[in-house]
Amino acid sequence: LPVDTFDLVIFGGTGDLAVRKLLPALFHRFVDGQIQPGSRILGVAREGLDDDGYRAQIRAALNGAAESQPDKLAAFLKLVGYRPLDARKDDGWDDFAKLLAERPGNVRVFYLSTSPELFVDICQRLGHYGLNQGESRVVLEKPIGHDLVSANRINDDVGRVFAESQTFRIDHYLGKETVQNLLALRFGNALFEPLWNAGHIDHVQITVAETLGVEKRGPYYDHAGALRDMVQNHMLQLLCMVAMEPPASMSPDAVRDEKLKVLHSLKRIDEGNASQLTVRGQYRAGAAEGHSVPGYIEDLNSTAKTKVEKSNTETFVALKAEIGNWRWAGVPFYLRTGKRLAERVSEIVVAFKPVPHSIFTAAAGPLAQNRLVLRLQPDEGVKLWLTIKHPGPGGLRLRHVPLDMSFAEAFGAQQPDAYERLLLDVVRGNPTLFMRRDEVEAAWRWADPILAAWAASGEAPRPYTSGTWGPSASVALIERDGRTWDEDN
Ligand code: BG6
């Protein structure tokens, strides 16, 4: 269904996220007929570009996707414009406000795809011109701050201009098809929920592995690191979707209340236990996807203004989290994420407990755990690993095979990018898949003591060769508990 006509302003409009993700997502929704002609998409950044210069950038970025549909591309680019603005200078803001006033009936969305230090300046200016009034929404990209204190400051300052109901804190992992599918799978089937607890689940693994390095984002990344960049937001959100109680409905607050309870139940990791429960790593030179690649420091120095010889920033984290409530007591949630790992794969593995007693002889082969594997990317799908008899007359031999549902095979079409769904949800005013302020705060409250423990220990992240699965200490973390990372789903 088409959404209401809107004006979408992307601050940071020439940045990587806008060009590589947001504009392509909007183009796909336009091609599908969901964006109506009265809508406008305005890139805003400091670069002195004009509309045509910006359109040329977007055209280049869309080329692959739009090659076969030049008419659609031309029509889409007509909706796109550009304004050079500096959040910290007055120039151009009057005209910008006038431009937006031209279409008072449009829903207004301000997407802040900038460094969080600019959020407050931008919001204050929008407030000054009354652009926060009526059907106006603001989208905040992660990370919201770099710890609880800075997140609170941002949320307070933004909150003076935009009400919580107008504020959409985006975590694009919540827009991924498989993540939404977790809700359908858990709460649309009678099969899983009775088993979804410490009585039947042995442990959960969440892996988000990337083959890319920090690319051109070194200056941002070196201040963040993997815990702030991936774990505090994306991975905790995935953990919440697995662990939350059934919400009473799909209403935004019903879902977010349940996620919040999970975040509040996470057991504290701090100086006392961080060295047993967490592993940090940093990539060195190696190979990724068949090419030799430099290490993190070389990557950093390729974009940094001042060169560095070392950095204490982690590009890999593995950790063991626990949720202190009745449903999950004693069930470890192993999380790991990193750059320049062996494969690009994101998945959630729910490993069930073994059967209580085996009736089979040793000759039948070992009994393996049932596992439910939700693959977020690439090749989205769901697999349920079962034990069956190997067919044929050769006696009873057990085999472990998956019931395998690939989204591409089952539904044909390519899966939409997460941003497609989420951008339109903002226009519709549906915040279910966005983080409420208290969720962000609870996530920082858990992450801060881990960061403090690492800082206090003074230990450098462990080196790992690009193209591997991270430092060997990550394997030791899970093997100490008699378990292994699942790498062949
Ligand atoms: C972003 C992180 O939020 O997510 C990046 O800042 C990371 O460092 C990216 O590469 C991963 O997203 P996806 O959708 O490619 O898994």
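Conventions used here
Residues numbered from 1 in each chain as written. Predicted model: local features only at pLDDT ≥ 70, side-chain atom pairs only at ≥ 80, totals over all residues. Heavy atoms only, no water. UniProt positions renumbered as here; feature names shortened; annotations may be inferred. Pairing = 2+ DSSP bridges. Helix = DSSP H or I, 4+ residues; strand = E, 2+ residues; numbered from the N terminus. Axes fitted to C-alpha atoms, helices over the stretch in contact; angles between N-to-C directions. Contact = heavy atoms within 4.5 Å. 1 Å grid on protein atoms, 1.4 Å probe; cavity = no way out; pocket = protein on both sides within 12 Å on 5 of 7 lines; lining within 4 Å. Points joined across faces, edges and corners; volume = space filled by probe spheres on them. Core = buried A, V, L, I, M, F, W, Y, C linked by side-chain atoms within 4.5 Å. Buried < 20%, exposed > 50% of the residue type's maximum accessible area, 1.4 Å probe, protein only. Parallel < 35°, antiparallel > 145°, perpendicular 65-115°, else oblique. Nonpolar A, V, L, I, M, F, W, Y, C, P; charged D, E, K, R; others polar. Right-handed = clockwise from strand over helix to strand, strands pointing away. Arc of directions from axis to C-beta. Polar contact = N/O pair within 3.5 Å; in protein donor to acceptor, adjacent residues only side chain to side chain.

The chain goes by Glucose-6-phosphate 1-dehydrogenase in an unreviewed UniProt entry, where it is assigned to Dyella psychrodurans. A UniProt comment under Sequence similarities (unreviewed entry) is attached to the chain, and it reads "Belongs to the glucose-6-phosphate dehydrogenase family."

K.L.:
Mind showing me how you'd approach the sheet that holds strand β2 (residues 40–45) here?
P.N.:
Sheets are built from strands paired through backbone hydrogen bonds, the pairs being either parallel or antiparallel. Ordered by their spatial adjacency, 6 strands build an open sheet running β3-β2-β1-β4-β5-β6, and the pairing between neighbours is parallel. Each having just a single partner strand, β3 (80–84) and β6 (167–169) make up the two edges of the open sheet. Between one strand axis and the next, the sheet turns through 20° on average, direction left out of account. As paired elements, strand β5 (residues 136–140) and β6 share 3 bridges and run parallel to each other. Considered in β6, the bridge of Val-138 is made with Thr-167. Lying over the sheet, helix α5 (residues 119–128) contacts β1 (6–11), β4 (107–112) and β5, oriented at roughly 155° with respect to β4.

K.L.:
Mind showing me how you'd approach the sheet that holds strand β17 (residues 462–465) here?
P.N.:
If you walk across this open sheet you meet the 9 strands as β16-β15-β14-β13-β7-β12-β11-β8-β17, and the pairing is mixed. Both outer strands of the open sheet, β16 (398–406) and β17, are each paired with one neighbouring strand and no more. Neighbour-to-neighbour, the strand axes of the sheet open up by a mean angle of 20°, direction not taken into account. Across the sheet, helix α16 (residues 472–479) is in contact with β7 (201–209), β8 (278–284), β11 (316–321), β12 (333–338) and β17; its angle to β11 comes to roughly 10°.

K.L.:
Looking at this model, I keep getting lost on the layout of surface pockets. Mind explaining?
P.N.:
Any empty space left between atoms is shown by rolling a water-sized probe over those atoms. Estimated volume of the second largest pocket: approximately 320 Å³. Elements that contribute at least two residues to the lining of the second largest pocket include exactly α11 (274–277), β8, α15 (437–457) and α16. When residues in the lining of the second largest pocket are grouped by element, the largest group, 4 residues, is from α15.

K.L.:
Would you take a moment to explain the nonpolar core for this structure?
P.N.:
For soluble globular proteins, nonpolar side chains are generally found buried alongside one another. Ranked by size, the top nonpolar core spans 147 residues in total, and within it Phe-11, Phe-76, Phe-96, Phe-110 and Phe-333 carry the most contacts. Counting residues per element, this core draws most heavily on helix α9 (residues 226–243), which supplies 12 residues. Excluding residues that lie within four positions of it along the chain, Phe-333 makes contacts with Val-204, Leu-239, Val-242, Ala-243, Leu-319, Lys-320, Ala-321, Ile-323 and Trp-328.

K.L.:
Looking at this structure, I do not really get the packing of α9 against helix α10 (residues 252–265). What am I missing?
P.N.:
Each pair of packed helices can be described by the angle between their axes along with the distance between the axes. Packing of α9 against α10 leaves a shortest axis separation of 9 Å and a crossing angle of 110°. Relative to α10, the element α9 is oriented roughly perpendicular. In this structure, α9 contributes Leu-236, Gln-237, Leu-239, Cys-240, Met-241 and Ala-243 to the contact, and α10 contributes Lys-259, Val-262 and Leu-263. Of the residues that constitute the contact of α9 with α10, the class distribution is 7 nonpolar, 1 polar and 1 charged.

K.L.:
Can you walk me through the pairing of β5 in this structure?
P.N.:
In the case of a regular strand, side chains alternate between the two sheet surfaces. Burial of β5 is extensive: 5 of the 5 residues sit out of reach of the surface. In the classification by handedness, the crossover that spans β4, the intervening α5 and the parallel β5 is right-handed.

K.L.:
So what exactly am I meant to see when it comes to α16 here?
P.N.:
Note on helix geometry: an α-helix contains 3.6 residues per turn, so any two residues three or four positions apart are oriented the same way. For α16, the full list of buried residues reads Ala-473, Ser-474, Leu-477 and Ile-478. Around the axis of α16, the buried residues are gathered within 140° of arc, so they sit on the same side. Buried residues along α16 sit against β7, α11, β8, β11, β12 and β17.

K.L.:
What exactly am I supposed to notice about the pairing of strand β15 (residues 381–389) here?
P.N.:
Pairing of strand β14 (residues 371–377) with β15 involves 5 bridges; the strand directions are antiparallel. Bridging across to β15, Arg-375 finds its partner in Gly-381. Counted along the chain from β14 to the antiparallel partner β15, the turn is 3 residues long, and its residue Asp-379 has a positive phi close to 35°. As paired strands, β15 and β16 are joined by 9 bridges and run antiparallel to one another. Each residue of the ladder has a partner; that of Val-382, found in β16, is Met-405.

K.L.:
Could you clarify how one ought to interpret the UniProt feature "binding site: NADP(+)" (unreviewed entry) in the chain in this entry?
P.N.:
In the numbering used here, UniProt assigns the "binding site: NADP(+)" (unreviewed entry) feature to Arg-46 and Lys-142. As for the largest cavity, its lining draws on Lys-142 from among the annotated residues. Residue placement: Arg-46 occurs in the loop between β2 and α2 (51–66). Apart from residues lying up to four places away in sequence, Arg-46 is in contact with Tyr-82, Pro-84, Leu-85 and Asp-86. Accessibility expressed as a relative area gives 15% for Lys-142, which makes it buried. Ignoring sequence-local partners within four residues, the contact set of Lys-142 consists of Ile-170, Tyr-220, Asp-229, Asn-233 and His-234. In terms of polar contacts, Lys-142 uses its side chain to reach the backbone carbonyl oxygen of Asp-229, at 3.1 Å.

K.L.:
How should the UniProt feature "binding site: substrate" (unreviewed entry) in the chain be read in this particular structure?
P.N.:
This chain's UniProt record puts "binding site: substrate" (unreviewed entry) on His-172, Lys-176, Glu-210, Asp-229 and Lys-339. Mapping His-172 onto the fold places it in the loop between β6 and α7 (177–187). Overall, His-172 belongs to the buried group, its relative accessible area being 18%. Contact partners of His-172, with chain neighbours within four places excluded, come to His-234, Ala-418, Tyr-419 and Leu-422. Tracing the chain through its elements places Asp-229 in helix α9. In this structure Asp-229 comes out as buried when scored by relative accessible area, which is 2%. Side-chain polar atoms of Asp-229 contact the side chain of Tyr-220, separated by 2.5 Å.

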